[in-house]
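# Observations on the three-dimensional arrangement
Okay, here's what each chain looks like letter by letter:
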Amino acid sequence: MTVRRPKRSWPAPLRRPLPLALSIALAVLFTSCFVGVLAAGHAALPFRRIVTIEAKMASKSEFFEDPEVERLLLRHGFRMHITRMGSRGIATPSYAGYDVVFPSGQPAADLITRKQAQAGHPATAYGPFSSPIVLATYREYAETLVSAGVAEPQPGGTADEGPLYYRLDMDRFVGLAQADGGRGMRWDNIGLNRHGLSNGNKVLAQTSDICESNSAGTYLGLVAFVEKGNEIPKTEAEADELARRIKPVLIAQGMPSFEKNQTYLSPEGKSIAPIAVIYEHQFLAHQIQHQAKEGTVDGERVLLYPSARFITEPKLIALSDDGDRLGELVSDDAELQRRAMELGFRLRDTDSGFTSVQLTQFLESRDIPAPVTSDDDTRAVLPELGLLERMIEIVGECDTGDPAADGPGEPGGSAPTAEGPP
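I will try to describe carefully the structure that is included in this document. Note that residues are indexed from 1 along each chain, following the sequence as it is written. The predicted nature of this model means local features are confined to residues of pLDDT at least 70 and side-chain atom pairs, given and counted, to a pLDDT of 80 or more, with totals for whole chains, interfaces and linings taken over all residues. Note that the side-chain values use all heavy atoms of the structure and ignore hydrogens as well as water.

## Observations concerning helix H12 (residues 280-294)
- Helix and strand labels come from DSSP, where a helix needs a run of H or I of at least four residues and a strand needs a run of E of at least two; each type is numbered from the N terminus. What a helix should span is 1.5 Å times the count of its residues minus one. Along its 15 residues, H12 runs 21 Å from first to last C-alpha, staying within 8% of the 21 Å computed at 1.5 Å per residue.
- Within the span of H12, buried status applies to Glu 280, His 281, Gln 282, Phe 283, Leu 284, Ala 285, His 286, Gln 287, Ile 288 and Gln 291. In this scheme, a residue with accessible area under 20% of its type's maximum is buried, one over 50% is exposed, and one in between is partly exposed, where area comes from a 1.4 Å probe on protein chains only.

Now the structure itself:
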């Protein structure tokens with residue numbers, strides 16, 4: 001006899017409606033996340049492979065470390081991993097495992113492309129923007145140089161703060177450092193106290209490490225050009241003699257720091273480095289930020305433009321296919337080019353080369369005076385690369401070894417990361 005058990009009827013799960021307050025909170029949270037993704041530029045785009053670009057860079061890494069630039073690069077599938085060092089440090093070790101290297105000036109770029117060509121690996125160089133060498137100082141020091149007949153204010157400036165830019169007579173400025181039998185003039189000797197300060201140190205410009213930095217090496221070339229009567233050495237003997245002659249002007253600053261711009265913008269900068277060799281974009285980026293935050297320019301800090309000047313063209317050198325894609329992107333993408341201008345860089349005009357026209361218009365739209373280049377300035381020329389290297393090594397007493405740097409991976413390889421939003 002079979003006994004059939006009645007089927008057990010399980011009660012249906014109790015489905016209680018969410019409280020109204022919780023429903024609203026979840027809806028707001030979802031909307032906020034969606035808006036955040038949309039603002040970051042990732043919404044409505046398919047997930048793609050993100051490539052990490054291994055890079056060695058000098059001061060131009062500031063561009064790639066900008067949050068807006070990072071966002072734009074990520075949208076195109078790039079993430080940067082940057083090893084920071086001086087331009088000559090970039091040029092001398094191995095490039096194994098790197099996709100791009102970005103020294104801050106032409107001499108280091110020439111060293112790299114030459115080494116790559118000799119090794120049978122020609123590299124492509126991109127010039128997405130430019131920033132000339134300048135001497136950054138403080139208003140009291142600039143006005144002291146004006147009183148001494150060594151500098152003159154450029155037209156423009158602000159009614160409240162006065163001029164932001166000055167033209168520096170390089171021949172007279174170098175002469176101050178060599179005066180008094182080579183001992184050099186001191187700031188108190190040329191009337192700094194009349195402008196409310198006292199400083200017994202020598203009148204000179206401080207640089208980053210000459211053995212590592214492009215800005216320091218370029219300034220060495222500038223001083224050498226002026227010292228030789230606006231000419232460059234033609235032989236090794238001339239280069240060696242000239243280097244020894246200008247060495248006191250360049251090493252009297254004491255122990256150089258890696259990044260003079262950080263010192264210059266620090267509260268202690270006025271007493272540590274009254275004149276610092278930096279790049280124009282570093283000063284302009286500071287003024288742009290100061291204007292946005294305070295509603296006015298930083299009138300305490302000003303620039304000296306040397307009467308003999310170089311046209312500096314930093315080169316991003318691609319060492320892999322991904323490096324080439326990055327170089328093309330930062331050179332051609334309109335959003336990245338505009339962001340470079342917003343960070344104080346000069347952009348390249350397709351017909352006339354690097355120009356300050358767009359930068360001038362942008363600064364004026366932000367109520368920031370724009371610098372004016374004088375037609376009377378002399379275009380300085382660097383010595384031939386081999387001679388410049390000899391002079392740098394003599395002045396800086398540099399280690400001439402060529403140690404191989406530890407690369408981040410296999411030669412020329414990019415490190416892909418997990419899939420993620422572009």
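## Some points on the packing of aromatic side chains
- Two rings belonging to Phe, Tyr or Trp (six-membered ring only in the last case) form a pair when the distance between their centres is within 6.5 Å. Interplanar angles under 30 degrees mark stacking, angles over 60 mark edge-to-face geometry, and anything in between is tilted. For the structure on display, the rule yields ten aromatic pairs.
- On the basis of an interplanar angle of 35° and a centroid distance of 6.0 Å, the ring pair of Phe 102 and Phe 129 is categorised as tilted. Remark: Phe 129 occurs in strand E5 (residues 129-130) and Phe 102 occurs in strand E3 (residues 100-102); sequence separation between them is 27 residues.
- For the pair Tyr 165 and Phe 283, a centre-to-centre distance of 6.2 Å together with 70° between the ring planes defines the contact as edge-to-face. In this pair, Tyr 165 sits in strand E8 (residues 165-168) while Phe 283 sits in helix H12, placing the two residues 118 residues apart along the sequence. We note that Tyr 165, like Phe 283, is buried.
- The cationic tip of Lys 60 hangs over the ring face of Tyr 279; the distance from NZ or CZ to the ring centre is 3.5 Å.
- Whether a charge lies above a ring is judged from NZ of Lys or CZ of Arg, which has to be within 6 Å of the ring centre and within 35 degrees of the ring normal. One cation-aromatic arrangement involves Arg 301 over Tyr 264; the distance from NZ or CZ to the ring centre is 5.8 Å.

## A few points about the state of the cysteines
- Defined by distance alone, a disulfide is two cysteine sulfur atoms within 2.5 Å. Inspection of every chain in the model, using the stated rule, returns one disulfide.
- Each sulfur in the disulfide pair Cys 211 and Cys 398 lies 2.0 Å from the other. Taking the torsion about the S-S bond as the criterion, the Cys 211 to Cys 398 disulfide, at about -90°, is left-handed. With Cys 211 in the loop between helix H7 (170-178) and helix H8 (214-227) and Cys 398 in the loop between helix H16 (385-396) and strand E16 (415-416), the pair connects residues that are 187 residues apart, well separated along the chain.
- Judged by relative accessible area, Cys 398 falls into the buried class, the value being 12%.

## Here we look at the sheet that holds strand E9 (residues 276-279)
- Any two strands are treated as partners once DSSP identifies two or more bridges connecting them. Spatial strand order, E7-E8-E10-E6-E9: five strands in an open sheet with mixed pairing. Of all strands in the sheet, those bounded by a partner on one side alone are strand E7 (151-153) and E9. This sheet shows a mean twist of 40° between the axes of neighbouring strands, independent of strand direction.
- Looking at chain direction, strand E6 (residues 133-138) and strand E10 (residues 301-306) are connected through four bridges and run antiparallel. Counterpart to Ala 136 in the pairing with E10 is Leu 303.
- Here, residues are in contact when the closest pair of their heavy atoms is within 4.5 Å. Axis definition: a line fitted to C-alpha atoms, over the contacting stretch in the case of helices. Angles run 0 to 180 degrees between N-to-C directions. Relative to E9, H8 is tilted by about 115°, and along the sheet it contacts E6, E9 and E10.

## Things to note about the packing of helix H14 (residues 334-342) against helix H15 (residues 357-365)
- Closest axis-to-axis distance for the H14/H15 pair is 10 Å, and the angle between their directions is 65°. Of the two possible hands of crossing, H14 and H15 adopt the one that is right-handed. When H14 is examined against H15, the residues Arg 338, Met 341 and Glu 342 are found in contact with a partner set consisting of Gln 358, Leu 359 and Phe 362. Helix crossings are classified by the rotation of the near helix relative to the far one: an anticlockwise turn of less than a right angle makes the crossing left-handed, while a clockwise turn makes it right-handed.

## Topic: the nonpolar core
- To qualify as a nonpolar core, a set must consist of buried Ala, Val, Leu, Ile, Met, Phe, Trp, Tyr and Cys residues joined through side-chain atoms within 4.5 Å. Judged by nonpolar contacts, the single largest core of 96 residues is most densely connected at Phe 63, Phe 64, Leu 73, Leu 145, Phe 173 and Tyr 219.
- Looking at which element gives the most residues to this core, the answer is H8, with eight residues.
- With residues up to four places along the chain from it excluded, the contact list for Phe 63 reads Val 69, Phe 129, Val 330, Leu 336, Arg 339, Ala 340, Leu 343 and Phe 345.
- If you look at the next biggest cluster of nonpolar residues, it comprises 13 residues, including Ile 90, Val 101, Ala 108 and Leu 385.

## Quick look at unusual backbone geometry
- Residues other than glycine seldom take positive phi values, yet Asn 230 does so here, at roughly 60°.
- By the secondary structure assignment, Asn 230 is in the loop between H8 and helix H9 (236-251).
- Exposure remark for Asn 230: the relative accessible area of 39% places this residue in the partly exposed category.
- Despite not being glycine, Glu 397 shows a phi value in the positive range, around 50°.
- With respect to the helices and strands, Glu 397 occurs in the loop between H16 and E16.

## A word on the pairing of strand E1 (residues 51-57)
- Summarising burial for E1: seven of the seven residues are buried, a large majority.
- Because side chains alternate across E1, one face comprises the buried residues Val 51, Ile 53, Ala 55 and Met 57, and the other comprises Thr 52, Glu 54 and Lys 56, equally buried.
- Bridge count between E1 and strand E2 (residues 78-84): seven bridges; the pairing is parallel. Residue pairing for E2: Met 57 is matched across the bridge by Arg 84.
- Pairing of E1 with E3, which is carried by three bridges, proceeds in the parallel orientation. Among the inter-strand pairings, Ala 55 is bridged to a residue of E3, identified as Val 100.

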